[in-house]
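Coordinates in review
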Amino acid sequence: MIEAREGAMASAANVAVIGGGPAGLMAAEQLAANGHRVAVYDAMPSFGRKFLLAGIGGMNITHSEPLPALLDRYAERRDTLAPLIEAFGPDALRAWIAGLGIDTFVGSSGKVFPTEMKAAPLLRAWLARLRAAGVVFHTRHRWTGWNDAGALAFDTPHGAITVDADATVLALGGGSWARLGSDGAWAPWLQEIGAEIAPLAPANCGFDAGWSTVLAEKFAGTPIKSVALTFTDAAGKTETRRGEFVLTQTGIEGNLVYAFSARIRDAIAAHGEATIHLDLLPDFTQAKVEGEVAHPRGSRSMASHLQSRLNLKGAKASLLRECTSKDDFADPARLAAKIKALPVTLLAARPLDEAISSAGGVRFESLDGRLMLKAKPGVFCAGEMLDWEAPTGGYLLTACFATGRTAGLGAADWLAAQGKKA
């Protein structure tokens, strides 16, 4: 899905793309297709490091659900991102991947994966195609803002350098996974030129729950499977989802938690804590659980009784004990109610650098429809450094590709208006 603008060859521009993740590479591809001389700069020793790490457990590239439902995943930024994703959505993305010689398939959950389940083959094919298109790559070039003359400044292994560019695309990532290059260091430099930056915050993150030493030491790292999580947000909207999560030394994390993490994070910020409710036995009705708990247990302990009657044992049983009182355990009706709706109080989001992604970044109000900074014409922003967030499941990459494409085409349009067109 490379789109070249019409027009005779004029004086092609020198364009700098800073950030070698999916958004930056997609922008570079569009610009090269429009005949411009493109150089991609990245602070790391190689490109796409976070992209590659995300693909270790199976590269979830996008999602196959109907577009209206997919767009809803972007919450308050739905309407802003809608035209970008509608122009380059899951079907277009899969076709683009096929053009790289990579087949994809839809998993049972609706998630879309490369057939090899890895990011590396896709990235290798993509970089090869970009090099063939004339894109030049520079690693270990850490952008440090603009100098007094307006040139791009970089720290390199050979010392500080400056680069004059006719246009620039910034695709610097958010604030998570600093060791892979996304450290949010760019925020002050953009604020200095007048861009509005929403504070970076953890997204798709775990939470602290203040576990007892017994639970933390015995069950940290244990998955809690086949549960349902219910949460009511500040607007009074209640949602329930089934899935699994993992107990950690300090609390909980995992896909089921990530689906609610933005709302939980915001609730903690507003109230100091947030409470979720877990149905430990979602396949059993309330009446079934009440009946089994109330069944005569003779001399057996309640723990043995719950294991025998409901197969409630191990980490689930320990979590139940952690979040209930002695009085709850002594009252079968109250205990049954807790099994079906166990309140778990969450105290804090885990640190930003541990999060899968980040919220906050360059506000769209500081950008025009082409993702160009209003405060600095010729500079475009794309990817996770923009102020949006989404749950895991392919939604993050979908928006990164779409915003990268928009920024690249936007830069090509802007350059054409300046007389730099192909």
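None of these values were measured; they are calculated from a predicted model.

Re the pairing of strand E16 (residues 274–279)
Summarising the sheet, strand E13 (residues 223–232) and E16 pair through 3 bridges and their orientation is antiparallel. Counted as the bridge partner of alanine 228 is aspartate 279 from E16. Relative to strand E17 (residues 342–346), E16 runs antiparallel, the two sharing 5 bridges. Paired with threonine 275 across the two strands is threonine 345, which belongs to E17.

Comments concerning the environment of glutamate 65
Along the chain, glutamate 65 falls in the loop between strand E3 (62–63) and helix H3 (67–72). Separated by 110 residues in sequence, glutamate 65 and glycine 175 place their C-alpha atoms 28 Å apart. Not counting the four nearest positions on each side in its chain, glutamate 65 is found in contact with Leu70, Arg73 and Tyr395.

Some thoughts on the confidence of the model for the protein
Summing up the model confidence of the protein, the mean pLDDT is 92 and the portion of residues at 70 or higher is 96%. Considering only residues more than four positions removed or in separate chains, one finds that residues 1–11, a stretch of pLDDT under 50, has 32 contacts.

Some words on the side chain of aspartate 328
Here aspartate 328 is to be found in helix H14 (residues 326–330). The buried category is assigned to aspartate 328, whose relative accessible area is 6%. At 2.9 Å, the side chain of aspartate 328 forms a polar contact with the side chain of arginine 334. For aspartate 328, the side chain forms a polar contact with the side chain of lysine 338, separated by 2.8 Å. Once residues lying within four places of it in the same chain are set aside, the contact partners of aspartate 328 are Arg334, Leu335 and Lys338.

Focus: the sheet that holds strand E2 (residues 37–41)
Here we have 5 strands laid out as an open sheet, ordered E6-E2-E1-E10-E20, and parallel in their pairing. If you trace the sheet from one side to the other, it starts and ends with strand E6 (136–138) and strand E20 (379–381), each paired once. Taken over all neighbouring pairs, the strand axes of this sheet differ in orientation by 20° on average, direction set aside. Its contacts with the sheet place helix H1 (residues 22–33) against strand E1 (14–18), E2, E6 and strand E10 (167–170), and it is angled at close to 170° to E2. Against the sheet, helix H16 (residues 395–417) engages E1, E10 and E20, with an angle of about 165° to E20.

The rules behind the values
Residues numbered from 1 in each chain as written. Predicted model: local features only at pLDDT ≥ 70, side-chain atom pairs only at ≥ 80, totals over all residues. Heavy atoms only, no water. Pairing = 2+ DSSP bridges. Helix = DSSP H or I, 4+ residues; strand = E, 2+ residues; numbered from the N terminus. Contact = heavy atoms within 4.5 Å. pLDDT = per-residue confidence, 0-100. Buried < 20%, exposed > 50% of the residue type's maximum accessible area, 1.4 Å probe, protein only. Polar contact = N/O pair within 3.5 Å; in protein donor to acceptor, adjacent residues only side chain to side chain. Axes fitted to C-alpha atoms, helices over the stretch in contact; angles between N-to-C directions.

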